[in-house]
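So you can see what is in the structure, the chains are spelled out below.
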Amino acid sequence: MSEIDPAPGSSVRTGHCLCGSISFRFDAEPETVVLCHCAHCQRNSGAAFSVNVLVARDSLETKGTPKSYRTVGAENGNLRDRLFCGDCGTPIFTILHERPDLVIVKAGTLDDPTGLKPSAEVWWRRAQDWIEPNPNRARFDGDAK
């Protein structure tokens, strides 16, 4: 993996965990950016929702070896591999078993998240009660259709 910063206007994005043990880059436009309100994403992120950047898995290069924890959706039964830094605990990626061609990059790990605007929210029925709906984003009570 190159240590060179991406050129302005490039589709290359870089990121890393809190301690820097895991770093990554991808050279692809995101398929979409989604806010997820499911209970697992809330617990995994320690926040009200997770900001998920879905990119082609074959565009991702990783330096370092993240640890993995598998979850099974309580409501949909879908398998998720949640990859994180074994040193600092930062959640970095999620692999959706039903979409193995994609990887979810946690937006908070990106060096520059400029221009990544969520287009949808999933598991809206699990959203914290203080979160107001955004009329400019599609909302799904469960997984996106």
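Computed from a predicted model, the values in this text were never measured in an experiment.

### What to know about the overall build of the protein
Then comes step 1: Scanning the protein from N- to C-terminus turns up 1 helix and 11 strands.
Then comes step 2: By principal-axis analysis of the C-alpha atoms, the protein measures approximately 40 × 30 × 25 Å.
Then comes step 3: A buried classification covers 42% of the 145 residues belonging to the protein.
Then comes step 4: Counted over contacts in the protein with a minimum sequence separation of 6, partners at least 24 positions apart contribute 50%.
Then comes step 5: By element, 50% of the accessible surface of the protein is carried by carbon and sulfur atoms, the whole surface being about 8,200 Å².
Then comes step 6: For the protein, the distance from the average site of its 17 positive side-chain charges to the average site of its 19 negative ones is 5 Å.

### Examining the environment of Val55
Then comes step 1: Relative to the assigned elements, Val55 resides in strand 4 (residues 50-56).
Then comes step 2: Given a relative accessible area of 0%, Val55 falls into the buried group.
Then comes step 3: When neighbours within four sequence positions are excluded, Val55 is seen to be in contact with Phe26, Pro30, Asp101, Leu102, Val103 and Val105.

### Some points on the pairing of strand 8 (residues 91-96)
Then comes step 1: Most of strand 8 sits out of view: 5 of its 6 residues are buried.
Then comes step 2: In this structure, strand 7 (residues 79-84) lies alongside strand 8, joined through 5 bridges in antiparallel fashion. When the sheet's bridge partners are listed, Arg82 is paired in strand 8 with Thr94.
Then comes step 3: Taking the residues between adjacent antiparallel strands as the criterion, strand 7 and strand 8 are bridged by 6 residues, where Gly89 takes a positive phi near 85°.
Then comes step 4: As defined by bridge partners, strand 8 adjoins strand 9 (residues 102-106) across 2 bridges and the pair is classed as antiparallel. Note that in strand 9 the partner of Phe93 across the bridge is Val105.
Then comes step 5: A loop of 5 residues connects strand 8 with strand 9, the two strands running antiparallel in sequence.

### Examining the UniProt feature "domain: CENP-V/GFA" (unreviewed entry) in the protein
Then comes step 1: The feature "domain: CENP-V/GFA" (unreviewed entry), as given by UniProt, occupies residues 13-125 in the numbering adopted here.
Then comes step 2: Spanning residues 13-125, this segment combines 6% helix with 45% strand, and its end C-alpha atoms are found 32 Å apart.

### Some points on the nonpolar core
Then comes step 1: With 18 residues, the main nonpolar core has Phe24, Val53, Phe93 and Val105 as its most contacted residues.
Then comes step 2: When contributions to this core are tallied by element, the ones reaching two or more residues are strand 2 (23-27), strand 4, strand 8 and strand 9.
Then comes step 3: Per-element tally for this core: the top contributor is strand 8, with 3 residues.
Then comes step 4: In this structure Val53 touches Pro30, Thr32, Val33, Val103, Ile104, Val105, Ala107, Leu110 and Leu116, once residues within four positions along its chain are discounted.
Then comes step 5: Ranked by size, the runner-up nonpolar core spans 10 residues in total, among them Cys38, Leu96, Leu102 and Trp123.

### Describing the sheet that holds strand 2
Then comes step 1: Reading across the sheet, the 3 strands line up as 1-2-5 and stay open at both edges, with antiparallel pairing between neighbours. Two strands bound the open sheet, and with one partner strand each, they are strand 1 (12-16) and strand 5 (60-63). Each adjacent strand pair in this sheet contributes to an overall mean axis angle of 15°, direction not counted.

### Observations regarding the pattern of salt bridges
Then comes step 1: In the structure shown here, the tally under the stated rule is 6 salt bridges.
Then comes step 2: Here Arg25 makes a salt bridge to Glu61, at a shortest N to O gap of 3.8 Å. With Arg25 in strand 2 and Glu61 in strand 5, the pair connects residues that are 36 residues apart, well separated along the chain.
Then comes step 3: Overall, the relative accessible area of 14% leaves Arg25 in the buried class.
Then comes step 4: Through salt bridges with shared partners, a single network forms among Glu31, Arg99 and Asp101.

What counts and what doesn't
Residues numbered from 1 in each chain as written. Predicted model: local features only at pLDDT ≥ 70, side-chain atom pairs only at ≥ 80, totals over all residues. Heavy atoms only, no water. Helix = DSSP H or I, 4+ residues; strand = E, 2+ residues; numbered from the N terminus. Buried < 20%, exposed > 50% of the residue type's maximum accessible area, 1.4 Å probe, protein only. Contact = heavy atoms within 4.5 Å. Areas by Shrake-Rupley, 256 points an atom, 1.4 Å probe, with all protein chains shown as cover. Lys, Arg positive; Asp, Glu negative; His and termini not counted. Charge placed at Lys NZ, Arg CZ, Asp CG, Glu CD. Pairing = 2+ DSSP bridges. UniProt positions renumbered as here; feature names shortened; annotations may be inferred. Core = buried A, V, L, I, M, F, W, Y, C linked by side-chain atoms within 4.5 Å. Axes fitted to C-alpha atoms, helices over the stretch in contact; angles between N-to-C directions. Salt bridge = Lys/Arg side-chain N within 4 Å of Asp/Glu carboxyl O.

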